[in-house]
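In case you want the letters, here they are:
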2 protein chains.
Amino acid sequence: MRHFIEQLNLLQNRLLEMGGLVESAVHQSVLAVVERSEELARRVLDNEDRINHLEIEIDEMAIRLLALQQPMAGDLRLLTAAIKINTDLERMGDLAVNIAQRTLTLLHLSPVKPLIDIPRMANLVESMVHKSLDAFVKREPDLARGVLVSDDTVDHLRDSIHEELIAFMQSDPTVIPQAVDLILVARHLERIADHATNIAEDTLFLIKGIDVRHHAEPKL
Amino acid sequence: MRHFIEQLNLLQNRLLEMGGLVESAVHQSVLAVVERSEELARRVLDNEDRINHLEIEIDEMAIRLLALQQPMAGDLRLLTAAIKINTDLERMGDLAVNIAQRTLTLLHLSPVKPLIDIPRMANLVESMVHKSLDAFVKREPDLARGVLVSDDTVDHLRDSIHEELIAFMQSDPTVIPQAVDLILVARHLERIADHATNIAEDTLFLIKGIDVRHHAEPKL
């Protein structure tokens, strides 16, 4: 039994390690866009392999624990949550790679405008990623609910970035390719926020056993 | 034991029911774009709830079977695959909803051009969704590998649609908003294909016990 608890802790630590890598990939990918830095973008691309390997390792750990230990109730919820959170983290890593790839295209084009809303959106999304993992580790429902609330703000920011960039393209058609790339960067950020929201929902399910997906959250 | 096998079959049938709903949502959402049909787009939005409820039901069934039956080896792989495939299907349903939402915007704007590559991309993506589920149900590795191969073609189509629409905007800036919407539709389709690819990879893992994620596929 002691062995099983140690294994669960090891699994959680591995998830946190993965979370740290993903957080830093998201941070570097947006910094690469803002600072037009090829070096930072390449660093994100170089780290993709580590994230992908960790995903497979965590998945195998979780499935092995499911198989060998025949866990009940709470531990079972933890293991299925770990499998889902692992998938979400890996997708976030992919999205950071997509942002880094956009940067490599944007480097060869003239800047559209000083970037204000994209870094603001990125800050919010990064804090959602961090909070969702923190909520999971500390089993802290308030932190998780904070992530759900931020998701609406992210959607509004995405829409206002979209509209502003459309207006820029209309007034200066020479910036069309780079403005479309920035619209896609905002979409990638929004999807990263969606994955953080999934982690927060899985965390609430883990803590309370209540399914809050699809806005079915009862008053807690 | 007989009861457990019946429950596994029931779970698979539910996944197939969900797969059918998602396939039809993807089909209708693209048809809505091509035919500029508000009615079809609304039908996709109306069906989202059914898909979301089915996701929760399937998840609960799979976790209950994990908890109660303490399955070993093959059955355990089936249950963890079911949890992952369920998540992928729900995201595909979300993406069909995103495409339907784009349609509702596009209806109010003049058409950019006759749509040829988007319906072609949609056909390919729909066949990938269908094949990935078929591969899962029939445990047929060749079907699953066919899905992995198509994913590259989808990426190429997405890039050529992107470039063509950028050129359209540059020659006629009045179509910028609708061309950006069509670029996003192509992105949504590409992500649906990514989820079909995930299902095919999980199916190969289920059949062979070999992890083919992240292009780590050995010669089979």
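These figures come from a predicted structure and were not determined experimentally.

What counts as what
- Residues numbered from 1 in each chain as written.
- Chains lettered and ligands numbered in written order.
- Predicted model: local features only at pLDDT ≥ 70, side-chain atom pairs only at ≥ 80, totals over all residues.
- Helix = DSSP H or I, 4+ residues; strand = E, 2+ residues; numbered from the N terminus.
- Rg over C-alpha atoms; globule rule 2.2 N^0.38 Å.
- Buried ≥ 20, exposed ≤ 12 C-beta atoms within 10 Å, placed from the backbone.
- Contact = placed C-beta atoms within 7 Å.
- Nonpolar A, V, L, I, M, F, W, Y, C, P; charged D, E, K, R; others polar.
- Core = buried A, V, L, I, M, F, W, Y, C linked by C-beta atoms within 7 Å.
- Least-squares fit on C-alpha atoms with pLDDT ≥ 70 in both.
- Expected span 1.5 Å × (residues − 1).
- pLDDT = per-residue confidence, 0-100.
- Axes fitted to C-alpha atoms, helices over the stretch in contact; angles between N-to-C directions.
- Parallel < 35°, antiparallel > 145°, perpendicular 65-115°, else oblique.
- Left-handed = near helix turned anticlockwise from the far one by under 90°.

### Quick look at the overall build of chain A
Then, in step 1: Each helix and strand in chain A was counted, giving six helices and zero strands.
Then, in step 2: Each helix and strand of chain A, placed in order from N terminus to C terminus, yields the pattern α-α-α-α-α-α.
Then, in step 3: The C-alpha radius of gyration of chain A comes to 19 Å, within 12% of the 17 Å expected for a compact globule of 220 residues.
Then, in step 4: Considered along the principal axes of its C-alpha atoms, chain A spans approximately 65 × 40 × 20 Å.
Then, in step 5: Residues counted as buried form 44% of the 220 residues belonging to chain A.
Then, in step 6: Counting only contacts in chain A whose residues sit at least 6 apart along the sequence, the fraction spanning at least 24 positions is 79%.

### Description of the interface of chain B and chain A
Then, in step 1: With 23 residues of chain B in contact, the opposing surface of chain A contributes 23 residues.
Then, in step 2: For the side of chain B that touches chain A, the class distribution of residues is 14 nonpolar, six polar and three charged.

### Observations concerning the nonpolar core
Then, in step 1: Core analysis: the biggest nonpolar cluster contains 124 residues, and Val125(A) and Val125(B) have the highest contact counts within it.
Then, in step 2: With residues near it in sequence (within four places) discarded, Val125(A) still touches Val26(A), Val154(A), Leu189(A), Ile192(A) and Ala193(A).

### So, the relation of the copies chain B and chain A
Then, in step 1: Of the transformation placing chain B onto chain A, the axial shift is 0.0 Å and the rotation is 180°, giving an RMSD of 0.0 Å. Look at the turn and shift together and you get a two-fold axis relating the two.
Then, in step 2: A share of 100% of interface residues in chain B that are also interface residues in chain A marks the association as one of identical surfaces.

### Side note on helix α5 (residues 141-171) of chain B
Then, in step 1: With 31 residues, α5(B) should cover 45 Å at 1.5 Å per step; its first-to-last C-alpha distance of 46 Å lies within 8% of that length.
Then, in step 2: Contact partners of the buried residues in α5(B): α5 (141-171) and α6 (176-208) of chain A together with α4 (117-138) and α6 (176-208) of chain B.

### Let's talk about the environment of Leu165(B)
Residue and element names in this part refer to chain B.
Then, in step 1: Looking at where Leu165 falls in the secondary structure, it is placed in helix α5.
Then, in step 2: Considering only alpha carbons, one finds Leu165 and Val180, 15 residues apart in sequence, at a separation of 7.8 Å.
Then, in step 3: Residues in contact with Leu165, not counting those within four places in the same chain, are Ala179, Leu182 and Ile183.

### Concerning α6(B)
Then, in step 1: When the terminal C-alpha atoms of α6(B) are compared, their 48 Å separation across 33 residues agrees well with the 48 Å that a helix rising 1.5 Å per residue should span.
Then, in step 2: By the criterion of burial, α6(B) is predominantly enclosed, with 28 of the 33 residues buried.

### A few points about the confidence of the model for chain A
Fine structural detail should not be taken from predicted coordinates in areas where pLDDT scores are low.
Residues and elements named next belong to chain A.
Then, in step 1: For chain A, per-residue confidence averages 90 on the pLDDT scale, and residues scoring 70 or more make up 92% of the total.
Then, in step 2: Per-element confidence in chain A ranges from a low mean pLDDT of 91 for helix α2 (residues 38-69) to a high of 95 for α5.
Then, in step 3: Throughout residues 215-220 the model reports pLDDT below 50, and contacts reaching past four residues in sequence, or to other chains, amount to five contacts.

### Some words on the packing of helix α4 (residues 117-138) of chain A against α5(A)
Residues and elements named next belong to chain A.
Then, in step 1: Orientation of α4 relative to α5, taken along the N-to-C sense of each, is 160°, at an axis distance of 9 Å. Put simply, α4 runs roughly antiparallel to α5. The hand of the α4/α5 crossing is left-handed. Listed contacts from α5 to Asp117, Ile118, Arg120, Met121, Leu124, Val125, Met128, Lys131, Ser132, Asp134 and Ala135 of α4 are Leu143, Ala144, Gly146, Val147, Ser150, Thr153, Val154, Leu157, Ser160 and Ile161.

### A closer look at unusual backbone geometry
Then, in step 1: Positive phi is not limited to glycine here, since Arg36(A) has a value of about 50°.
Then, in step 2: Along the polypeptide, Arg36(A) turns up in the loop between α1 (2-35) and α2.

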